[in-house]
Amino acid sequence: MADFIGEANMFQCEVVSVEGDSATVQLGSAVLKLPARGRKPGPAKLAARPSRLEIGEPNAPGTLPGTLEKVTYVGSHLEFVVATQFGEVFVISPDVDTAFRAGQPVSIGFPERGPVLITD
């Protein structure tokens, strides 16, 4: 499940393993390496700000597949609503030059500075 709460998308995920301060996290087909922040293996929550996610080509390795539901040009950036297996995800991109359209398959990438495991 993904929810947009204020400034962040929230995802249910699974911490697969923890080695030192690094966690391997499974989010659908995406496998992420994140700071563990004291988490142990098991169910967890992940937060990602809309501007710290990336829209890319469909089926890119290590990404979350989705379909663009809404694309809005806001002058300096684009705002996307992406339908995923976790629900709708809100993404902001500074790339105003690439042509995007509703119904287009895409992937959501998680750059290193993007998602964060949160405590309950």
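Residues numbered from 1 in each chain as written. Predicted model: local features only at pLDDT ≥ 70, side-chain atom pairs only at ≥ 80, totals over all residues. Heavy atoms only, no water.

**Quick notes on the sheet that holds strand β10 (residues 105–109)**
For clarity, the cut-off: Two strands are said to pair when DSSP picks up at least two bridges between them. Helix numbering and strand numbering both begin at the N terminus, where a helix is a DSSP run of H or I of at least 4 residues and a strand a DSSP run of E of at least 2. Here an axis means a line fitted to C-alpha atoms, over the contact stretch when the element is a helix, while the angle between two N-to-C directions is reported on a 0 to 180 degree scale.
Pairing in this open sheet of five strands is antiparallel, and the strands run β6-β10-β7-β8-β9 from one edge to the other. Strands at the two margins of the open sheet, each flanked by one partner only, are β6 (54–56) and β9 (87–93). Across this sheet, the average inter-strand angle for adjacent strands is 45 degrees, counted without regard to direction. As paired strands, β6 and β10 are joined by three bridges and run antiparallel to one another.

**Observations regarding the pairing of β10**
Stated formally: Only protein chains enter the area calculation, which uses a 1.4 Å probe; residues under 20% of their type maximum are buried, those over 50% are exposed, and those in between are partly exposed.
Burial within β10 is extensive, with four of its five residues counted as buried. Note that strand β7 (residues 64–73) and β10 share four bridges and pair antiparallel. Bridging from a neighbouring strand, Gly 66 pairs with Val 106 of β10.

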